[in-house]
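Below, each chain spelled out in residue letters.
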Amino acid sequence: MLHWEQHQMDDQEVWTGTNSMIQLTIAPQLGSKVISLKNLKTGREWLSRTDQPLGNKGYASSFADNDGSGWDEMFPTINACHYPTFPWQGVELPDHGEVWSIPWHVIVHEGQLSSDVYGVRMPYHLKKSYSFTKEQRLRIDYSVQNLSSFPFSFLWAAHPLFQVEEGMEIIVPRELDTIVVSYSQDGRLGQMGDIQKWPIPFADQGQTRLNLVEAAAARTAEKYYFQGELPEGKASLYDPVTEEQLTIIFPKEKVPYLSIWANAGGYQGQYHVAIEPATGFLDDLSYAMEHKAVAVVEAQGTYDWFIEIELSTAKKIRHFPS
């Protein structure tokens, strides 16, 4: 059973949920941001924090101007764009979407925390709820309801910024061997849409391995998606020093894309990695719609999905838990 308590942190109202192994803290007024995810058995804090106080500058503010910590929800786009088709053609959607910068409503009932928010410029109702399927596995169920009489396309992505150390490993299904660049600081991997091999993008630079976290002094920052259909909806972050692993599990039929944001000091001097399951491809909703790589919720319909986070510690685990 998950126990929830309401309290204050950095002048923000937060809710902290705890079971025997996992503790997470959520700030509903800050876009329902998860600001802490701890393994209570090892003491490890998985989410990154900057030295800035918690907070954001409000709706349609630049994501770069905010605290740069924790786990935000990106919806219904990541890059700022204009919705391309009728009946919302030309509607401007802000940087990293609408919902990370506005308050969510929260209710706690029988050990489950549920939160929801309504669209500002688009007619939708987005919900999520937190529960546990196992002691070591947190589940987040999502649903979006289309409140209009027209089909609505959306791009959702989880955006958890994980604390990392040099040499930690990003583990994805072995069948994945090609990535498509969304962003690359100083163009190291090329421009948006360029294709590279995973995990070694350059045949003559074997030391560049995208599956290993670089040192903070590397000053790199890159975002890329794996190309093609996912063989399974799983990805992990593994620490060979502590032998701890975090695995994200999601339904590939509903969440068919996976991206990585790896920031080794190249963006605002921050140091973190995000493993980002997504319902659309290459960050920009208008691009995703043009390439038919996007989720659609039908008129007056609902689209449901989930992700699970499993924390584990085992000698030389380096594989997906069952």
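As a reminder, the structure under discussion sits directly above these lines.
K.L.:
Quick one: what's the story with the overall build of the protein, residue by residue and with numbers?
P.N.:
Secondary structure summary: the protein contains one helix and 24 strands in total. In terms of overall dimensions, the protein is globule-like: its C-alpha atoms have a radius of gyration of 19 Å, near the 20 Å expected for 322 residues. Summarising its shape, the C-alpha atoms of the protein cover approximately 55 × 45 × 35 Å along the three principal directions. Looking at the protein residue by residue over its 322 residues, the buried ones come to 57%. Considering only residue pairs separated by 6 or more positions, the protein has 62% of its internal contacts joining residues 24 or more positions apart. Roughly 13,300 Å² of accessible area belongs to the protein as shown, and the carbon and sulfur atoms make up 49% of that amount.

K.L.:
Outline the sheet that holds strand S10 (residues 112-118), supporting the account with residue identities and numerical values.
P.N.:
On the basis of which strands lie adjacent, the open sheet formed by eight strands has the order S9-S10-S11-S12-S24-S20-S19-S15 and antiparallel pairing. Edge positions in the open sheet fall to strand S9 (105-109) and strand S15 (169-171), since each of these has one partner strand only. Put simply, the sheet's adjacent strands are angled 15 degrees from each other on average, direction ignored.

K.L.:
Outline the packing of aromatic side chains, supporting the account with residue identities and numerical values.
P.N.:
Applying the stated criterion across every chain yields a total of 26 aromatic pairs. Between the aromatic rings of Phe-154 and Tyr-303, the centroid separation amounts to 5.2 Å while the plane-to-plane angle is 85 degrees, which identifies the pairing as edge-to-face. Highlighted residues: Phe-154 in strand S13 (residues 152-154) and Tyr-303 in strand S24 (residues 302-313), separated in sequence by 149 residues. The exposure classification of Phe-154 matches that of Tyr-303, with both residues buried. Ring geometry for Trp-261 and Tyr-267: centres 5.8 Å apart, planes at 80 degrees, overall edge-to-face. Overall, the relative accessible area of 11% leaves Trp-261 in the buried class.

K.L.:
Break down the pairing of strand S18 (residues 220-226) for me, with residues and values.
P.N.:
With seven of seven residues buried, S18 lies mostly within the body of the structure. The side-chain alternation of S18 yields two buried faces, one formed by Thr-220, Glu-222, Tyr-224 and Phe-226 and the other by Ala-221, Lys-223 and Tyr-225. With six bridges joining them, S18 and strand S21 (residues 257-264) adopt antiparallel strand pairing. Each bridged residue has a counterpart across the sheet, and for Tyr-225 the counterpart in S21 is Ser-259.

K.L.:
Report on the pairing of strand S6 (residues 71-74), specifying residues and quantitative values.
P.N.:
Of the two faces of S6, both are covered, the one formed by Trp-71 and Glu-73 as well as the one formed by Asp-72 and Met-74. Two strands pair when backbone bridges link them, and S6 and strand S14 (residues 157-160) are joined in this way by four bridges, in the antiparallel orientation. Opposite Glu-73, over in S14, you have Ala-158 as the bridge partner.

K.L.:
Account for the pattern of salt bridges, naming residues and giving values.
P.N.:
When the charged atoms of two side chains lie near each other, side chains of opposite charge can form a pair. The full count for this structure, using the stated rule, is 16 salt bridges. One salt bridge connects Arg-137 with Glu-308, and the closest N-O pair in it is separated by 3.1 Å. Here the residue Arg-137 occupies a position in strand S12 (residues 137-146), and Glu-308 occupies one in strand S24, the gap between them amounting to 171 residues. Close ionic contact of Glu-310 with Arg-137 constitutes a salt bridge, the shortest N to O distance being 2.6 Å.

K.L.:
Got a sec to walk through unusual backbone geometry? Specific residues and values, please.
P.N.:
Omega for the bond connecting Phe-86 with Pro-87 falls within 30 degrees of zero, at 5 degrees, which places this linkage in the cis form. Mapping Pro-87 onto the fold places it in the loop between strand S7 (81-82) and strand S8 (92-93). Positive phi, close to 55 degrees, is recorded for Gln-268, a residue that is not glycine. By the secondary structure assignment, Gln-268 is in the loop between S21 and strand S22 (271-278).

K.L.:
Could you give an account of the environment of Leu-285, naming the residues involved and the relevant values?
P.N.:
Positionally, Leu-285 belongs in helix H1 (residues 285-290). As for Leu-285 and Phe-75, which are separated by 210 residues in sequence, their C-alpha atoms are 9.5 Å apart. For Leu-285, the contacting residues outside a window of four places in its chain are Pro-76, Thr-77, Cys-81, Tyr-83, Leu-93, Ser-153, Phe-154, Leu-155 and Val-294.

K.L.:
Tell me about the side chain of Ser-143, and name the residues and values.
P.N.:
Summarising the element assignment, Ser-143 is placed in strand S12. Assessed through its relative accessible area of 14%, Ser-143 is described here as buried. Excluding residues that lie within four positions of it along the chain, Ser-143 makes contacts with His-125, Leu-126, Lys-127, Thr-302, Tyr-303, Asp-304 and Trp-305.

The rules behind these values
- Residues numbered from 1 in each chain as written.
- Predicted model: local features only at pLDDT ≥ 70, side-chain atom pairs only at ≥ 80, totals over all residues.
- Heavy atoms only, no water.
- Helix = DSSP H or I, 4+ residues; strand = E, 2+ residues; numbered from the N terminus.
- Rg over C-alpha atoms; globule rule 2.2 N^0.38 Å.
- Buried < 20%, exposed > 50% of the residue type's maximum accessible area, 1.4 Å probe, protein only.
- Contact = heavy atoms within 4.5 Å.
- Areas by Shrake-Rupley, 256 points an atom, 1.4 Å probe, with all protein chains shown as cover.
- Pairing = 2+ DSSP bridges.
- Axes fitted to C-alpha atoms, helices over the stretch in contact; angles between N-to-C directions.
- Phe/Tyr/Trp six-rings, centres within 6.5 Å; stacked < 30°, edge-to-face > 60°.
- Salt bridge = Lys/Arg side-chain N within 4 Å of Asp/Glu carboxyl O.

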